[in-house]
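So the chains spell out like this:
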Amino acid sequence: GPGGLYLVRWRFDVSAVDSVASLVRGHNAERTSAIEYQGRDHVANSIRVDYGHDLIEDNPTASVLVTGDEIEQGRAPYGVSTYPARLSRSRYGVRPHEVSAPVVHDRATAIQIGTWIAAARCAPSRVVSYSIPAELAALEPGDVVTLTDDEIALSDRLAHVDAIAWQASGQIGVTLRS
């Protein structure tokens, strides 16, 4: 919560209508960092989620596979193909990732976990920081904004607020991830 750590769910199924603010470099935002790419070593596009943990045998009883390959999808006990995983596979090759969800006991939840991981880890994240006016202090981590910065060829690009902090100047420092 406000005094410490809290969960932020990143939504990857967003569009411009979900944006809570529009940031435009030179108007209400000034870039304060270079673009940084994070997560190159964590790209994943073939995600197996083991679930339905058997406490007696101490192993999962089921699994789902979220992938970008229809052949691999067909070989799995239950497979789902997603666009982010297909695109990632074409760019980065096969990048497997396995996760265990011992408290999950239904396929629908396991699929949601796998598709979220596929969307979150299908490509490296682009991270950049801006200074914005105090009027935008209500932004919170996880909020979706649109970003226009002609110097780096971004026009109404969707981005998530990664971090926000007051600056000594009275402005707000915001780190965006797309």
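As the structure is a prediction and not an experimental result, all values here were calculated from the model. (Residues numbered from 1 in each chain as written. Predicted model: local features only at pLDDT ≥ 70, side-chain atom pairs only at ≥ 80, totals over all residues. Heavy atoms only, no water.)

Participant: Got a minute to help me understand the overall build of the chain in this structure?
Facilitator: Secondary structure assignment for the chain yields 3 helices and 11 strands. Each helix and strand of the chain, ordered N terminal to C terminal, gives the series β-β-β-β-β-α-β-α-β-α-β-β-β-β. Along the first, second and third principal axes, the C-alpha atoms of the chain reach 60 × 40 × 30 Å. Taken over 178 residues, the chain has a buried fraction of 38%. Once local pairs closer than 6 in sequence are excluded, the contacts in the chain between residues at least 24 apart make up 61%. (Helix = DSSP H or I, 4+ residues; strand = E, 2+ residues; numbered from the N terminus. Buried < 20%, exposed > 50% of the residue type's maximum accessible area, 1.4 Å probe, protein only. Contact = heavy atoms within 4.5 Å.)

Participant: Please clarify how the sheet that holds strand 5 (residues 59-67) should be interpreted in this entry.
Facilitator: Pairing between the strands of a sheet comes from backbone hydrogen bonds, and it takes one of two forms, parallel or antiparallel. Read across the sheet, 4 strands follow the order 6-5-4-7 without closing on themselves; strand pairing throughout is mixed. Pairing within the sheet leaves two strands with one partner each, and these edge strands are strand 6 (79-81) and strand 7 (96-101). Between one strand axis and the next, the sheet turns through 20° on average, direction left out of account. The strands touched by helix 3 (residues 107-121) within the sheet are strand 4 (46-54), strand 5, strand 6 and strand 7, with strand 4 carrying the most contacts at an inclination of about 150°. (Pairing = 2+ DSSP bridges. Axes fitted to C-alpha atoms, helices over the stretch in contact; angles between N-to-C directions.)

Participant: Would you mind showing me how to read the pairing of strand 5 here?
Facilitator: Moving residue by residue along a regular strand, the side chains alternate between the two faces of the sheet. Pairing of strand 4 with strand 5 involves 8 bridges; the strand directions are antiparallel. Considered in strand 5, the bridge of His53 is made with Pro60. Following strand 4, the chain reverses through 4 residues before pairing antiparallel with strand 5; Asp58 in that reversal takes a positive phi of roughly 55°.

Participant: How should the side chain of Thr67 be read in this particular structure?
Facilitator: Note on placement: Thr67 falls in strand 5. A distance of 3.2 Å separates the side chain of Thr67 from the backbone nitrogen of Asp69, its partner in a polar contact. If near-sequence neighbours (up to four positions away) are discounted, Thr67 is found in contact with Asn45, Ser46, Glu72, Gln73, Val80, Ser81, Thr82, Ala85 and Arg89. (Polar contact = N/O pair within 3.5 Å; in protein donor to acceptor, adjacent residues only side chain to side chain.)

Participant: Would you take a moment to explain helix 3 for this structure?
Facilitator: The periodicity of an α-helix, 3.6 residues per turn, causes residues three or four places apart in sequence to face the same way. Taking 1.5 Å of rise per residue, 15 residues should cover 21 Å, and helix 3 covers 21 Å from first to last C-alpha, within 8% of that figure. What helix 3 keeps buried is the set Ala110, Ile111, Gly114, Ile117 and Ala118. Considered in projection along helix 3, the buried side chains sweep an arc of 130° and stay on one side of the axis. Considering only its buried residues, helix 3 is in contact with strand 4, strand 5, strand 6, helix 2 (83-92) and strand 7. (Expected span 1.5 Å × (residues − 1). Arc of directions from axis to C-beta.)

Participant: Is there a simple way to explain helix 2 in this structure?
Facilitator: The opening residue of helix 2 is Thr82, an N-cap whose side-chain oxygen sits 3.3 Å from the backbone nitrogen of Ala85. Downstream of helix 2 by one or two residues, Gly93 has phi in the positive range, about 75°.

Participant: Looking at this structure, how should I read the pattern of salt bridges?
Facilitator: Side chains that differ in sign of charge can pair as their charged atoms come close. Here the structure, examined in full by the defined rule, presents 11 salt bridges. For the salt bridge of Arg25 with Asp150, the shortest nitrogen-to-oxygen distance reads 2.5 Å. Here Arg25, found in the loop between strand 1 (21-24) and strand 2 (30-31), pairs with Asp150, found in the loop between strand 9 (144-149) and strand 10 (154-166); they are 125 residues apart in sequence, far enough to count as distant. The salt bridge involving Asp50 is made with Arg48; its shortest N-O contact spans 2.9 Å. A relative accessible area of 31% places Arg48 in the partly exposed class. Taken together, the salt bridges that share partners define one network made up of Arg25, Arg31, Asp149, Asp150 and Glu151. (Salt bridge = Lys/Arg side-chain N within 4 Å of Asp/Glu carboxyl O.)

Participant: Would you mind showing me how to read the environment of Val14 here?
Facilitator: Within the secondary structure layout, Val14 lies in the segment before strand 1. Considering only alpha carbons, one finds Val14 and Ala159, 145 residues apart in sequence, at a separation of 9.7 Å. When residues no more than four places from it in sequence are discounted, the contact partners of Val14 are Val144 and Leu158.

Participant: I'm lost on the confidence of the model for the chain in this one. Help?
Facilitator: The predicted structure's coordinates, where accompanied by low pLDDT, should not be read in detail. With 95% of its residues at a pLDDT of at least 70, the chain reaches an overall mean of 90. Ranking the elements of the chain by mean pLDDT puts helix 1 (residues 70-75) last, at 81, and strand 2 first, at 97. (pLDDT = per-residue confidence, 0-100.)

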